[in-house]
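Residue strings, one per chain:
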Amino acid sequence: MPIRELLEEALLEPEIGLTPCFRWHATPVGIAALWQAGSAPSSPPFEDALKEGLQVGLDLSREEREFHQLNSGLVLLFHS
């Protein structure tokens, strides 16, 4: 299954946390941070996600990072 489909499906499940800018989800491919603070910024806000991830108990500083634009919005994906 393509990664986009996996992410879209996982975002339908309940979130594992909420922060001011993101809705957090555990997915089969890693931790997804769905942007929720209005229109998406011009560059992926990874630094904001790292700070807000700590608010929900996630230290993502050593994880690989990528982003995806999905039907549900901008998703920052953190994985090993």
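The rules behind these values
Residues numbered from 1 in each chain as written. Predicted model: local features only at pLDDT ≥ 70, side-chain atom pairs only at ≥ 80, totals over all residues. Heavy atoms only, no water. Phe/Tyr/Trp six-rings, centres within 6.5 Å; stacked < 30°, edge-to-face > 60°. Buried < 20%, exposed > 50% of the residue type's maximum accessible area, 1.4 Å probe, protein only. Helix = DSSP H or I, 4+ residues; strand = E, 2+ residues; numbered from the N terminus. Core = buried A, V, L, I, M, F, W, Y, C linked by side-chain atoms within 4.5 Å. Contact = heavy atoms within 4.5 Å. Pairing = 2+ DSSP bridges.

Engineer: I would appreciate a short explanation of the packing of aromatic side chains in the present structure.
Structural biologist: How two aromatic rings sit relative to each other is set out by the distance from centre to centre and by the angle between their planes. Scanning the model with the defined rule gives 3 aromatic pairs in all. The interplanar angle of 50° and the centroid separation of 5.6 Å between the aromatic rings of Phe 22 and Trp 24 together place this pair among those described as tilted. Exposure class is identical for Phe 22 and Trp 24. Each is buried. Ring plane angle 90° and centroid distance 6.0 Å describe the contact between Phe 46 and Phe 78, whose orientation is recorded as edge-to-face. In this pair, Phe 46 is assigned in helix H2 (residues 46–55) and Phe 78 in strand E5 (residues 73–79), connecting sequence segments 32 residues apart. Note on Phe 78: relative accessible area 2%, which makes it buried. Within the aromatic cluster, the residues linked to one another by ring pairs are Phe 22, Trp 24 and Trp 35.

Engineer: Help me understand the nonpolar core, please; the structure alone is not making it clear to me.
Structural biologist: Side chains of nonpolar character tend, in soluble globular proteins, to be buried together. With 14 residues, the main nonpolar core has Phe 22, Trp 24, Ala 49, Leu 60, Leu 76 and Phe 78 as its most contacted residues. Listed by contribution, the elements that provide at least two residues to this core are strand E2 (22–27), strand E3 (30–35), H2 and E5. Setting aside chain neighbours within four positions, we find Leu 76 in contact with Phe 22, Ile 31, Ala 32, Ala 33, Pro 44, Pro 45, Phe 46, Ala 49, Glu 66 and Phe 67. Residues Leu 7, Ala 32, Leu 70 and Val 75 belong to the second largest nonpolar core, which totals 7 residues.

Engineer: Sorry if this is basic, but what is going on with the pairing of E5 here?
Structural biologist: Most of E5 sits out of view: 6 of its 7 residues are buried. By the bridge criterion, 7 bridges tie strand E4 (residues 64–70) to E5 in an arrangement that is antiparallel. Pairing of Glu 64 across the sheet is with His 79, part of E5.

Read these as layout, nothing more, since geometry by itself doesn't imply function.
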